[in-house]
Amino acid sequence: MSDRPPRVAIADDAALFREGLRLLLEAADVEVVHQARDGTELLSMVDADVPDVAILDIRMAPYPEGGLDTAETLRARYPGIGILVLSQWAEAPHLMRLLRRLGSRGLGYRLKDHIADVDALRTALVRIIAGETVLEPELIDRLAAEGPHELDRLTGREREVLRAMAEGRSNEGIAEELHLTTKTVENNIARIFTKLDLPSDTSQNRRVLAVLRYFRSR
């Protein structure tokens, strides 16, 4: 991304939260180019001027899961747009739906109560714009505890690497976090793919498939 501030659109049917988020984003040196009260209004605004990231409330009009529906429409129309979904609760089915239908690239899922840190919020947006995945740590831990028994095939180190993959970290980022060499991370990822029976000839991204296995609920 260039040195210009990230350009974002906000959609939330709660006017007070929407305004508070705008102020928080501006304090983080983020340009808010659109504010919408529902998905329909947001789509109209984005059609006129596409931002870097759309920030959406999951449970907004015009449908019970309007944020998810709008996110899917946005990604279909504008494949390069980043998506940050906000929720009041860490809901595994919603995250699974996002990963399955949008993929992990340029995707974020955070709790509304956990976005008050200005620096962390801006960092999350920059990572999403760069194509990374930014997920709520609480949700990752919860889903890991509920995960399938096939993860028992993995060693403790391999589970640590997979968890970092689920957080959207690159191989270099995983190496830095876990104090490993990049080659060691690559070897661990190769073993993860083998143990989770992810074929090398698949047309799908094995990294995404591994993360989906990690998030699969009981």
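A brief look at the structure comes next. Fair warning: this is a prediction, and the values are worked out from it, not measured in the lab.

Okay, the overall build of the chain next. Helices and strands together make up the secondary structure of the chain, namely 10 helices and 6 strands. Taking all 218 residues of the chain together, 52% fall into the buried category. Taking contacts inside the chain between residues at least 6 apart in sequence as the whole, the part at least 24 apart equals 68%. Here the chain displays about 10400 Å² of accessible surface, and carbon together with sulfur accounts for 48% of that area.

A word on the nonpolar core. In terms of nonpolar packing, the biggest core is built from 47 residues, with Leu42, Leu56, Leu74, Ile83, Leu98, Leu162 and Met165 touching the most fellow members. Among the elements that take part in this core, helix H10 (residues 206-215) stands out by supplying 6 residues, more than any other.

Helix H9 (residues 182-195) packs onto helix H7 (residues 156-166) with a crossing angle of 95° between their chain directions and a minimal axis gap of 10 Å. Put simply, H7 runs roughly perpendicular to H9. Packed against H7, whose contacting residues are Arg157, Glu158, Val161, Leu162 and Met165, the element H9 presents Asn188, Ile189, Arg191, Ile192, Phe193 and Lys195 at the interface. Residues of the contact of H7 with H9, tallied by class, amount to 6 nonpolar, 1 polar and 4 charged.

A few words now on the pattern of salt bridges. A side chain of one charge can pair with a side chain of the opposite charge if their charged atoms are brought near each other. According to the stated counting rule, one finds 19 salt bridges in the structure shown. The partner of glutamate 160 in a salt bridge is arginine 157, with the nearest N and O atoms 2.7 Å apart. Of the two residues, glutamate 160 and arginine 157 both sit in helix H7, 3 residues apart, roughly one turn of that helix. Taking the relative accessible area as the measure of exposure, arginine 157 reaches 34% and is therefore partly exposed. Of the charged contacts, one joins lysine 195 and glutamate 158 as a salt bridge, the two residues approaching to 2.8 Å between their closest N and O atoms. Here the residue lysine 195 occupies a position in helix H9, and glutamate 158 occupies one in helix H7, the gap between them amounting to 37 residues.

Tracing the backbone shows arginine 206 in helix H10. Spatially, the C-alpha atoms of arginine 206 and isoleucine 189 are 9.9 Å apart, while their sequence positions differ by 17 residues.

Reading the values: rules and limits
Residues numbered from 1 in each chain as written. Predicted model: local features only at pLDDT ≥ 70, side-chain atom pairs only at ≥ 80, totals over all residues. Heavy atoms only, no water. Helix = DSSP H or I, 4+ residues; strand = E, 2+ residues; numbered from the N terminus. Buried < 20%, exposed > 50% of the residue type's maximum accessible area, 1.4 Å probe, protein only. Contact = heavy atoms within 4.5 Å. Areas by Shrake-Rupley, 256 points an atom, 1.4 Å probe, with all protein chains shown as cover. Core = buried A, V, L, I, M, F, W, Y, C linked by side-chain atoms within 4.5 Å. Axes fitted to C-alpha atoms, helices over the stretch in contact; angles between N-to-C directions. Parallel < 35°, antiparallel > 145°, perpendicular 65-115°, else oblique. Nonpolar A, V, L, I, M, F, W, Y, C, P; charged D, E, K, R; others polar. Salt bridge = Lys/Arg side-chain N within 4 Å of Asp/Glu carboxyl O.

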